[in-house]
Amino acid sequence: MEDKIKIEMEFVIHASPQLLYQYISTPSGLSEWFADNVNSRGELFTFIWDGSEEKAKLLSKKSGERIKFRWLNDEEDGASYFFEIRIQVDEITKDVSIIVTDFSEDDEIEEVKMLWDNQISSLKQVLGSA
């Protein structure tokens, strides 16, 4: 199995960190921009897109700051890949950014970046900060 490459992307978002956290950490918030529908049972989240579903395990979260998931199919493969959405506030300018950490195959990096660009654009529209 080929090692995936870690990707980090930063997106400036005009919204309060508290509001943003609701959209990245709750099933109802994630359903508004990340997937068509999101359900959770404890640490297990089910993301649904166009009738197909992917399950992810919540690895960690810190209120108001970040959330980290691992896709179950990666976990079953014994892989330690994850995706994390982190809220960062610049201490001087007070600008709010989302830092996304994800992993990708070497030949899919641009696709993964485009996917996150689209997802974060959806989030900005939902927040009214587009």
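Our subject is the structure that appears above.
Reference entry: report on the structure contained in this document. The structure presented is a predicted model; accordingly, all values stated were derived computationally and were not measured. (Residues numbered from 1 in each chain as written. Predicted model: local features only at pLDDT ≥ 70, side-chain atom pairs only at ≥ 80, totals over all residues. Heavy atoms only, no water.)

### Some remarks on the packing of aromatic side chains
Thinking step 1. A full pass over the atoms with the stated rule returns 16 aromatic pairs.
Thinking step 2. Relative to Phe 69, the ring of Phe 47 has its centre 5.6 Å away and its plane inclined at 85°; by these criteria the two rings are edge-to-face. You can see Phe 47 sitting in strand β3 (residues 44-49) and its partner Phe 69 sitting in strand β5 (residues 66-71), a full 22 residues away along the chain.
Thinking step 3. For Phe 47, a relative accessible area of 0% translates into the label buried.
Thinking step 4. Through a chain of ring-to-ring contacts, three or more aromatic side chains come together here, namely Trp 33, Phe 34, Phe 45, Phe 47, Trp 49, Phe 69, Trp 71, Phe 83 and Trp 116. (Phe/Tyr/Trp six-rings, centres within 6.5 Å; stacked < 30°, edge-to-face > 60°. Helix = DSSP H or I, 4+ residues; strand = E, 2+ residues; numbered from the N terminus. Buried < 20%, exposed > 50% of the residue type's maximum accessible area, 1.4 Å probe, protein only.)

### Some words on the pattern of salt bridges
Thinking step 1. A complete count under the given rule lists 3 salt bridges for this structure.
Thinking step 2. We note a salt bridge from Lys 55 to Glu 53, for which the minimum N-O separation is 3.4 Å.
Thinking step 3. Judged by its relative accessible area of 48%, Glu 53 is partly exposed.
Thinking step 4. Among the ionic pairs, Glu 65 bridges to Lys 62, the shortest N-O distance being 3.7 Å.
Thinking step 5. In this structure Lys 62 comes out as partly exposed when scored by relative accessible area, which is 41%. (Salt bridge = Lys/Arg side-chain N within 4 Å of Asp/Glu carboxyl O.)

### So, the sheet that holds strand β4 (residues 52-62)
Thinking step 1. A sheet is described by the order of its strands in space; here 7 strands give the open sequence β1-β7-β6-β5-β4-β3-β2, paired in antiparallel fashion. Of all the strands in the sheet, the pair left with one neighbour each is β1 (5-12) and β2 (37-41). Strand after strand, the sheet turns through a mean of 25° between neighbouring axes, direction not considered.
Thinking step 2. For β3 and β4, the ladder comprises 6 bridges, and the chain directions are antiparallel. Note on β4: the bridge partner recorded for Trp 49 is Ser 52.
Thinking step 3. Sitting on the sheet, helix α1 (residues 17-25) touches β3, β4, β5, β6 (83-89) and β7 (96-104), and the angle it makes with β6 is about 175°.
Thinking step 4. On top of the sheet, helix α4 (residues 109-127) reaches β1, β3, β6 and β7; it is set at about 30° to β1, its chief contact. (Pairing = 2+ DSSP bridges. Axes fitted to C-alpha atoms, helices over the stretch in contact; angles between N-to-C directions. Contact = heavy atoms within 4.5 Å.)

The analysis is restricted to geometry; functional conclusions fall outside its scope.
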